[in-house]
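This is what each chain is made of:
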Amino acid sequence: TNLSFFTPDPEAVKTQYCPVKSPILVGPLTIVYSKPPSLKKIQMKNPYVTHGGYFSPRHCFGRYRTAVIIPHRNREAGNGTFNRAKLLNIGVREALRLDNWDCLILHDVDLVPENDYNLYVCDEYSPKHLASAMDKFHYNLPYWTYFGGVSAITPDQYMRINGFPNSYWGWGGEDDDIAIRVRLSGMSISRTPLSVGRYKMVMHSRDIGNEENLKRHNLLSNTRRTWREDGMNSLVFSMLSREETPLYTNITVDIGNPP
Ligand code: BGN
């Protein structure tokens, strides 16, 4: 039967899965930071993104359902200490209430990908590090076990490591804790090759409220003993608001304060 008869937009009829290797990708992208585009302009350039920030290919069935989670602070409300890992736990918990995602992308707010072959797709067996070559580290890893910036993890892998630690307040260490969790739960980290995992950081000075976490070395030396108790199974927060905008969903939460 020809389904196009029933649909208003015959172009939007889907019969097949999208190709694994998309023909519309180009590889290297040139990122220039000048005046940031307005949200209206971004909206106009992305006409098929629907309210709340959802998108699926129009001509084929997407192979993967991916959620991108971006922790951020101090843009709308509040001036407490930042806690990247706890905010990611909350983002994951809220995202999983919405859909049966195949993949969660945990994304720093200040990184822009410079190569679209770096697919926002998960590996079946290993949490994957996508930001392998950041400009601030001269397009290299700062050290071999680095797991910061942008990563791709399936909901199963995420729950297997009990999510991320809730106890890292301020800057540093939480990404190393996560890398340790991956190893302790019997997995390893896969990684985008350096030639493709390139990211450009938006230059900024250290945010007030994201001071260096002086307890991070001590916390890291205890991860082996604490990871089963500190994570998704001990996550406590209060929801303040949930706002669907044309391009994204913004969730505001109270995460409390450092002890
Ligand atoms: C490391 C930080 C990471 C940070 C990277 C890159 C620590 C733990 C003490 C050994 N780790 O040094 O959190 O992402 O630098 O800036 O500070």
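Everything numeric in this text was worked out from a predicted model, so none of it was measured. (Residues numbered from 1 in each chain as written. Predicted model: local features only at pLDDT ≥ 70, side-chain atom pairs only at ≥ 80, totals over all residues.)

A. Here's a closer look at the site of the ligand. Neighbouring the ligand are Pro142, Gly148, Gly172, Gly173, Asp175, Asp176, Arg216, His217 and Leu220. Elements that contribute at least two residues to the shell around the ligand include exactly helix H4 (174–184) and helix H5 (216–226). At three residues, the largest contribution of residues to the shell around the ligand is made by H5. Residue composition of the shell around the ligand, grouped by class: two nonpolar, four polar and three charged. (Near = placed C-beta within 6 Å. Helix = DSSP H or I, 4+ residues; strand = E, 2+ residues; numbered from the N terminus. Nonpolar A, V, L, I, M, F, W, Y, C, P; charged D, E, K, R; others polar.)

B. Up close: the pairing of strand S8 (residues 198–201). Here strand S3 (residues 111–113) runs beside S8; their pairing, made up of three bridges, is antiparallel. Note on S8: the bridge partner recorded for proline 113 is tyrosine 199. As paired strands, strand S5 (residues 133–134) and S8 are joined by two bridges and run parallel to one another. Its bridge partner being in S8, alanine 133 is matched across the sheet by arginine 198. (Pairing = 2+ DSSP bridges.)

C. Main features of the packing of H4 against H5. Here H4 crosses H5 at 20 degrees, and the two axes come no closer than 10 Å. For the element pair H4 / H5, the angle class is roughly parallel. As H4 packs across H5, the resulting crossing turns out to be right-handed. Along its contact with H4, which presents Asp176, Asp177, Ile180, Arg181 and Leu184, the element H5 presents Leu219, Leu220, Thr223 and Arg224. (Axes fitted to C-alpha atoms, helices over the stretch in contact; angles between N-to-C directions. Parallel < 35°, antiparallel > 145°, perpendicular 65-115°, else oblique. Left-handed = near helix turned anticlockwise from the far one by under 90°. Contact = placed C-beta atoms within 7 Å.)

D. Structural context of the sheet that holds S5. Reading across from one edge, S3-S8-S5 is the order of the three strands in this open sheet, with mixed pairing throughout. The outermost strands of the open sheet, each flanked by one partner alone, are S3 and S5.

E. Main features of the sheet that holds strand S7 (residues 190–191). The strand order S1-S2-S6-S4-S7 describes an open sheet built from five strands, whose pairing is mixed. Across the chains shown, the open sheet's two edge strands, defined by having one partner strand only, are strand S1 (66–69) and S7. The sheet contact formed by strand S4 (residues 128–129) and S7 spans two bridges and is parallel. Bridging from a neighbouring strand, histidine 129 pairs with arginine 191 of S7. Of the strands in this sheet, S1 and strand S2 (103–107) touch helix H2 (residues 84–98), which is tilted by about 145 degrees from S1.

F. The UniProt feature "domain: Galactosyltransferase N-terminal" (unreviewed entry) in the protein, seen in detail. Under the feature "domain: Galactosyltransferase N-terminal" (unreviewed entry), the UniProt entry names residues 18–76 and 77–123. In this annotation, residues 77–123 is assigned 32% helix and 17% strand; the end-to-end C-alpha distance for the span is 36 Å. (UniProt positions renumbered as here; feature names shortened; annotations may be inferred.)

G. H4, seen in detail. Counting buried residues in H4 gives eight out of eleven residues, a clear majority hidden from the surface. Taken as a whole, H4 has its buried residues at Glu174, Asp175, Asp176, Asp177, Ile178, Ala179, Arg181 and Val182. Those residues of H4 that are buried lie in contact with H2 and H5. Note on H4: the residue one or two positions beyond its end, glycine 186, has a positive phi of about 85 degrees. (Buried ≥ 20, exposed ≤ 12 C-beta atoms within 10 Å, placed from the backbone.)

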